[in-house]
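For reference, the chains in residue letters:
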There are 2 protein chains.
Amino acid sequence: MRIIKRVAEMQQYALQLRAAGKTIAVVPTMGYLHAGHMSLLDNARPRADVLVVTVFVNPTQFGPNEDLDKYPRDFGHDCQLCEAHKADIVFAPEADEMYDKNRSTWVVEEELAKPLCGKSRPIHFRGVCTVVSKLFNITQATVAVFGRKDAQQALVIKRMVRDLNMPVEIVVAPLVRDADNVALSSRNRYLSAAERSAAQVLSRELLAAEPLLAVGGVKKALELKAEIAEKIAAAGGKVDYVEVLDTENLGELTPDSKSVLLAVAAWFGATRLIDNVWVDFIR
Amino acid sequence: MRIIKRVAEMQQYALQLRAAGKTIAVVPTMGYLHAGHMSLLDNARPRADVLVVTVFVNPTQFGPNEDLDKYPRDFGHDCQLCEAHKADIVFAPEADEMYDKNRSTWVVEEELAKPLCGKSRPIHFRGVCTVVSKLFNITQATVAVFGRKDAQQALVIKRMVRDLNMPVEIVVAPLVRDADNVALSSRNRYLSAAERSAAQVLSRELLAAEPLLAVGGVKKALELKAEIAEKIAAAGGKVDYVEVLDTENLGELTPDSKSVLLAVAAWFGATRLIDNVWVDFIR
């Protein structure tokens, strides 16, 4: 496995691979890798000749009062996991290697990025779209795998790829939960034992809602939305949002909606967690 | 020479070429081609294995009161010229082939796009950056040639390519003038004989200013800026702008500026024309 830190080196190598007819699968990450990420690597591995994992804590997707500075890092362990899961390349640039001081270009998605996390994190998806565009250009991805834990991110990126005709297949892989059903996230390490215990309310409520949503349709979805917010608050979480949206456009559910994204974000202590279920309506 | 109208066909073919190790030069145009465009094709031809000319009147770079509907078109003649100048492919999609009805993604450049044409055409460069990003992805350009007549456009695109790590070399080719020194432009066809005659003031003043700028530095540049605006008005033109800016960032000239873009935009009747000279200061 090769570790590359320089943008020019990564891009030249990727362009050589592509010119030789090779396909390239990319798993973009912010590092501090866990079993959720490993499921993405395992999903991506058979999809291309070469597997690239990017490890980059992207400053432009963090707001001024967010956790950029304390975001956890363990590059040595990340590389061990990537090697064990058969990555060919770990691309891990520094921030000043990725962003010029006088940079002035952004990629913005203006519909799917608006609700949910877009409300409480107004510059987040601009940063995500911009860095993913850059990473696709640098790694020359032919396929990229994202986790459904960040469901809105996956939808925004799919839209961006379609709108800008990026020649990259986007795969959205299943969400992975820990033994206590909490969705795997690098941010879980911030939680105290009591906060971790309280945070279980998210998955408990979402997984209970899943079968009810499938048969209950729009009316049931709106009832559940209110109930789940109450349950999270009762468990000691501070709700950022509980939303039921049409997966097609992240707009409001309509009688024509085919499937629903039930998505939640809530604070447990100083830590903001997200979770979701994605359910097809049964007619 | 092959004419392609479909995005998917163009992109699949381009990806095949790239996977076989071929390089691709692209000249993006809005059609109604003239000798200025042909100088770009001739410049691009030796730079790559395959030469693609795109012909697309991009609606997203026109403001609501601009000349999208009357923009001149002559696709048959365009194809003749492209064939004569050894293009391999003309890519000419319809607007609904390029833009999905519910598109929501833009590429924006927020520094170089602000002054000059960005002031009077506030959405113009957002449309340019977005369509050029799309065309690069669709045609898999390895090199692209733009004309210096649209100097700001060339600078914005170079910045975008750098900021997003697009693997495309940007070449800025010389401005081409007609026999009467008017800069070649598809929009010149809108001009009456009297307007055409009046419009000669632009090149007359710019070309006269060029040697004075080279030795005169910042002070002379600011004097010339005022004088040229007066001369254009005296000739019957309505000045949109006359600006002298640092070519590095399109900011104000400073004692450290190495070169100056003297750029003008003015209306002659209902037609808005642009012209410029780009001058290195001699120290």
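Basis of the calculations
- Residues numbered from 1 in each chain as written.
- Chains lettered and ligands numbered in written order.
- Predicted model: local features only at pLDDT ≥ 70, side-chain atom pairs only at ≥ 80, totals over all residues.
- Helix = DSSP H or I, 4+ residues; strand = E, 2+ residues; numbered from the N terminus.
- Buried ≥ 20, exposed ≤ 12 C-beta atoms within 10 Å, placed from the backbone.
- Contact = placed C-beta atoms within 7 Å.
- Expected span 1.5 Å × (residues − 1).
- Pairing = 2+ DSSP bridges.
- Axes fitted to C-alpha atoms, helices over the stretch in contact; angles between N-to-C directions.
- Least-squares fit on C-alpha atoms with pLDDT ≥ 70 in both.
- Domains from an automatic or database assignment.
- Nonpolar A, V, L, I, M, F, W, Y, C, P; charged D, E, K, R; others polar.
- Right-handed = clockwise from strand over helix to strand, strands pointing away.
- Core = buried A, V, L, I, M, F, W, Y, C linked by C-beta atoms within 7 Å.
- Parallel < 35°, antiparallel > 145°, perpendicular 65-115°, else oblique.
- Left-handed = near helix turned anticlockwise from the far one by under 90°.

A. Region of interest: the overall build of chain A. Of regular secondary structure, chain A possesses eight helices and 10 strands. Taken over the C-alpha atoms alone, chain A extends approximately 55 × 40 × 40 Å along its principal axes. Split into buried and exposed, the 283 residues of chain A put 43% on the buried side. Within chain A, contacts between residues at least 6 apart in sequence are counted, and of these 70% link residues at least 24 apart.

B. Layout of helix H6 (residues 124-139) of chain B. Residues and elements named next belong to chain B. In this model H6 runs 22 Å from its N-terminal to its C-terminal C-alpha over 16 residues, within 8% of the 22 Å that 1.5 Å per residue would give. With 15 of its 16 residues buried, H6 lies for the most part within the structure. Note on H6: the residue one or two positions beyond its end, Gln140, has a positive phi of about 55 degrees.

C. A look at the sheet that holds strand E7 (residues 169-173) of chain A. Residue and element names in this part refer to chain A. Spatially, E1-E4-E3-E2-E6-E7 is the arrangement adopted by the six strands of the open sheet, whose pairing is parallel. Edge positions in the sheet fall to strand E1 (2-4) and E7, since each has one partner strand and no second. Sheet twist, expressed as the average angle between the axes of neighbouring strands with direction ignored, equals 25 degrees. As defined by bridge partners, strand E6 (residues 143-147) adjoins E7 across five bridges and the pair is classed as parallel. If you follow Val143 over to E7, its bridge partner there is Glu169. Packed on one face of the sheet, helix H2 (residues 35-44) meets strand E2 (24-29), strand E3 (50-55), E6 and E7 and runs near 155 degrees to E6. Packing of helix H7 (residues 151-163) onto the sheet brings it into contact with E6 and E7, and relative to E7 it is tilted by some 170 degrees.

D. Expanded view of the relation of the copies chain A and chain B. Mapping chain A onto chain B leaves a residual RMSD of 0.0 Å; the transformation is a rotation of 180 degrees accompanied by 0.0 Å of translation along its axis. Interpreted geometrically, this transformation is the action of a two-fold axis.

E. Expanded view of the environment of Val53 of chain A. Residue and element names in this part refer to chain A. With respect to the helices, strands and loops of the structure, Val53 is situated in strand E3. With 25 residues separating them along the chain, Val53 and Asp78 place their C-alpha atoms 9.8 Å apart. Excluding residues that lie within four positions of it along the chain, Val53 makes contacts with Val27, Thr29, Leu41, Cys82, Ala87 and Val90.

F. Molecular detail of the domain arrangement of chain A. Residue and element names in this part refer to chain A. Each domain of chain A was delimited in the assignment, giving domain 1 (2-173) and domain 2 (186-276). Facing 14 residues of domain 1, the contacting portion of domain 2 comprises 13 residues. Secondary-structure elements contributing two or more residues to the side of domain 1 that touches domain 2 are helix H5 (117-120) and H7. Taken together, the residues of the side of domain 1 that touches domain 2 sort by class into nine nonpolar, three polar and two charged.

G. Fine view of the interface of chain A and chain B. Counting residues at the interface gives 29 residues for chain A and 29 residues for chain B. Classifying every residue of the side of chain A that touches chain B by side-chain character gives 12 nonpolar, seven polar and 10 charged. Across five bridges, the pairing between strand E5 (residues 105-109) of chain A and strand E5 (residues 105-109) of chain B is antiparallel. The residue of E5 of chain B that forms the bridge with Val107 of chain A is Val107 of chain B.

H. Layout of the pairing of E2 of chain A. Residue and element names in this part refer to chain A. In terms of burial, E2 is a largely internal element, six of the six residues being buried. Residues Ile24, Val26 and Pro28 point to one face of E2 and Ala25, Val27 and Thr29 to the other, with burial holding for every one of them. Across six bridges, the pairing between E2 and E3 is parallel. Bridge pairing links Pro28 to Thr54 in E3. A crossover connection joins E2 to the parallel E3 through H2; in handedness this β-α-β unit is right-handed. Here E2 runs beside E6; their pairing, made up of two bridges, is parallel. Its bridge partner being in E6, Ala25 is matched across the sheet by Val143.

I. Structural view of unusual backbone geometry. Residue and element names in this part refer to chain A. Here the phi dihedral of Asn181 falls at roughly 75 degrees; this positive angle occurs in a residue that is not glycine. Among the structural elements, Asn181 can be located in the loop between E7 and helix H8 (193-234). The phi dihedral of Leu250 falls on the positive side, at around 55 degrees, and the residue is not glycine. Structurally, Leu250 is set in the loop between strand E8 (238-246) and strand E9 (259-268).

J. Focus on the nonpolar core. Formed by 164 residues in total, the largest nonpolar core has its most connected members in Leu262 and Val264 of chain A together with Leu262 and Val264 of chain B. Non-local contacts of Val264 of chain A, meaning those with residues more than four positions away in its chain, are made with Leu202, Leu206, Ile228, Ile232, Tyr241, Val242, Ile274, Asp275 and Asn276 of chain A.

K. How the structure looks around the packing of helix H6 (residues 124-139) of chain A against H7 of chain A. Residues and elements named next belong to chain A. Put simply, H6 and H7 touch, their axes get as near as 10 Å, and they point 55 degrees apart. Here H6 is positioned oblique relative to H7, judged by the angle of their axes. The interaxial crossing formed by H6 with H7 has right-handed handedness. When H6 is examined against H7, the residues Phe125, Val128, Cys129 and Val132 are found in contact with a partner set consisting of Gln153, Val156, Ile157 and Met160.

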